[in-house]
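Single-letter residue listing:
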Amino acid sequence: MASSIDLHPPIHWGQTLNSVSLRIGLTDVKYPTVDINESSIKFQATGCSGSRGEQLYSFEIELFEKIDAKTSTYRINDREINVNLKKKKGDTNNAWPRLTKASAKLPWLKADFDKMAFSEDESDQEQKKPMFNNNFNDDMYKSLRQDPRKTKPKAFLDHRTNWLLFYNLFQFTAYLLVFSRLIFYFIARGHLRNAYRLVENPIKLCQSLAVLETIHPLIGFTKGDWTSPLIQFLGRNLILFVVINFNNEIKASPVVPCLFLVWSFVELFRYPYYGIRLLNKDNRIIAWLRYTLWIVLYPLGAFLEGLTIYKSLNYYQSKRYFSIDLPNAMNFSFNFVLFLQIYLVLLPLGLIHMMQHMWNQRKKTLIKKNK
């Protein structure tokens, strides 16, 4: 258990067959008191940790198993304090699943995998585990790997998972509706002219909800990058809600339904992939499609986006929508057509960014699984 003093130094602990090591992260240590007995260790000292100035730190830990206090040692250097606790001879084949006797997580205590007798790397895990007896199982190993700062209450995880499953299922269903309507329209009529009106509402709903894919990583609902979803969200919605929405001429063009077919076809594999991962399942076919089809579909989508903008330039030049001409009270001008032309020039750069991001994800997901 911890002492009554609130300030605890950061501690990293590891173990071998014969000993348990503690690395106490304090510098400029003064007046240290280290009391090691067979069932616990007490510590108190003045020192510095991180950005804090000189403070008094203290802790008391009741150990998971009894140790040989007589042969246990500690050493103080300029950067940290190293403690070496010797296991009793009868316990040298047993791995401790945690340092403390109680199972409660302490935010200032973490496992130091560099000083474990097993590796954090999965390839080494199978080789190192046999050094311990069968008491050291997969659950114990996972508990050591878990970072207590990243743990969240079970209720939070359940609500988060349920929400993300619902979101991915909803988006998949909506994009499937868009894709199916356009395909059936083409089969029935042999062309895609004027098909925009069939999918206008569902595609707008999908693209509006896509803002959540930027919010989710920011609030900790998902891991990873938020900038790539933001770039895609802004680009698609500029085209959908501005360029297409106010241009009645481009709505009748087959280019727009072709663009929506590409957008929806990409999402028909992206959202199922995320849903399967939320369920802790693995589907190699969905994963391969998710991280392979984009190689063709992303450049095709960018081409159709650029073509949509290019075909709209004359319309917005003549109508002057969203442009602000001088003179006006604000003494400010804005040329929307020039803005679209600049966007066309920058569009390949956005495509390169997205493709680099997806290629890195592909290497992590597909190439790692094949090794």
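Given the structure is predicted, the values throughout are model-derived calculations rather than measurements.

J.: Would you mind going over the packing of helix 6 (residues 227-244) against helix 8 (residues 255-278) in detail, with residue names and values included?
T.: Taken N-terminus to C-terminus, the directions of helix 6 and helix 8 make an angle of 150°; their axes are 13 Å apart at the nearest point. Here helix 6 is positioned roughly antiparallel relative to helix 8, judged by the angle of their axes. In the packing of helix 6 onto helix 8, the handedness of the crossing is left-handed. Facing helix 6, whose interface residues are Gln232, Arg236, Ile239, Leu240 and Ile244, helix 8 presents Val256, Leu259, Phe260, Trp263, Glu267 and Arg270. The class makeup of the residues in the contact of helix 6 with helix 8 is 7 nonpolar, 1 polar and 3 charged.

J.: Outline the UniProt feature "transmembrane region" (unreviewed entry) in the chain, supporting the account with residue identities and numerical values.
T.: Summarizing the sequence annotation, UniProt attributes the feature "transmembrane region" (unreviewed entry) to residues 163-188, 291-313 and 333-354 in the numbering used throughout. Secondary structure across residues 291-313 comprises 87% helix and 0% strand; the distance between its end C-alpha atoms is 34 Å. Annotation note: span residues 333-354, helix share 86%, strand share 0%, distance between end C-alpha atoms 32 Å.

J.: Hey, could you go over the sheet that holds strand 5 (residues 55-62) for me, with residue numbers and the actual values?
T.: Strand order in the open sheet formed by 3 strands is 3-4-5, with antiparallel pairing between adjacent strands. Sheet topology places strand 3 (27-36) and strand 5 at the edges, where each strand pairs with a single neighbour. Direction aside, neighbouring strands of the sheet carry axes that sit 15° apart on average. Sheet topology note: the strand 4 (residues 40-48)/strand 5 ladder contains 8 bridges and is antiparallel. Residue Thr46 lies in a different strand from strand 5, and its bridge partner there is Leu56.

J.: I'd like a description of the pattern of salt bridges, backed by residues and values.
T.: Scanning the entire structure with this criterion turns up 9 salt bridges. With its nearest N and O atoms 3.7 Å apart, the salt bridge here joins Glu38 to Lys66. Taken together, the residues span a long stretch of sequence, with Glu38 in the loop between strand 3 and strand 4 and Lys66 in the loop between strand 5 and strand 6 (67-76) at a distance of 28 residues. Look at Lys66 and you get partly exposed, because its relative accessible area is 45%. Residues Lys204 and Glu200 are paired through a salt bridge, measuring 2.9 Å at the closest nitrogen-oxygen approach. Of the two residues, Lys204 and Glu200 both sit in helix 4 (residues 196-209), 4 residues apart, roughly one turn of that helix. Judged by relative accessible area, which is 15%, Lys204 ranks as buried.

J.: If you had to explain empty space enclosed by the protein to someone new, which residues and values would you point to?
T.: In total, this model carries 2 cavities of 30 Å³ or more according to the counting rule given. Taken together, Tyr175, Gln207, Ala210, Glu213, Pro229, Gln232, Phe233, Arg236, Glu267, Arg270 and Tyr271 form the lining of the largest cavity. It is helix 6 that provides the largest number of residues to the lining of the largest cavity, a total of 4 residues. Tallied by class, the residues present in the lining of the largest cavity amount to 5 nonpolar, 2 polar and 4 charged. In this model, the second largest cavity occupies a volume close to 40 Å³. Lining the second largest cavity are Val266, Phe269, Leu289, Arg290, Leu293, Trp294 and Leu297. Mapped by element, the contributors of at least two residues to the lining of the second largest cavity are helix 8, helix 9 (284-290) and helix 10 (294-319). Residue classes in the lining of the second largest cavity are distributed as 6 nonpolar, no polar and 1 charged.

Criteria and cut-off values
Residues numbered from 1 in each chain as written. Predicted model: local features only at pLDDT ≥ 70, side-chain atom pairs only at ≥ 80, totals over all residues. Heavy atoms only, no water. Axes fitted to C-alpha atoms, helices over the stretch in contact; angles between N-to-C directions. Helix = DSSP H or I, 4+ residues; strand = E, 2+ residues; numbered from the N terminus. Parallel < 35°, antiparallel > 145°, perpendicular 65-115°, else oblique. Left-handed = near helix turned anticlockwise from the far one by under 90°. Contact = heavy atoms within 4.5 Å. Nonpolar A, V, L, I, M, F, W, Y, C, P; charged D, E, K, R; others polar. UniProt positions renumbered as here; feature names shortened; annotations may be inferred. Pairing = 2+ DSSP bridges. Salt bridge = Lys/Arg side-chain N within 4 Å of Asp/Glu carboxyl O. Buried < 20%, exposed > 50% of the residue type's maximum accessible area, 1.4 Å probe, protein only. 1 Å grid on protein atoms, 1.4 Å probe; cavity = no way out; pocket = protein on both sides within 12 Å on 5 of 7 lines; lining within 4 Å. Points joined across faces, edges and corners; volume = space filled by probe spheres on them.

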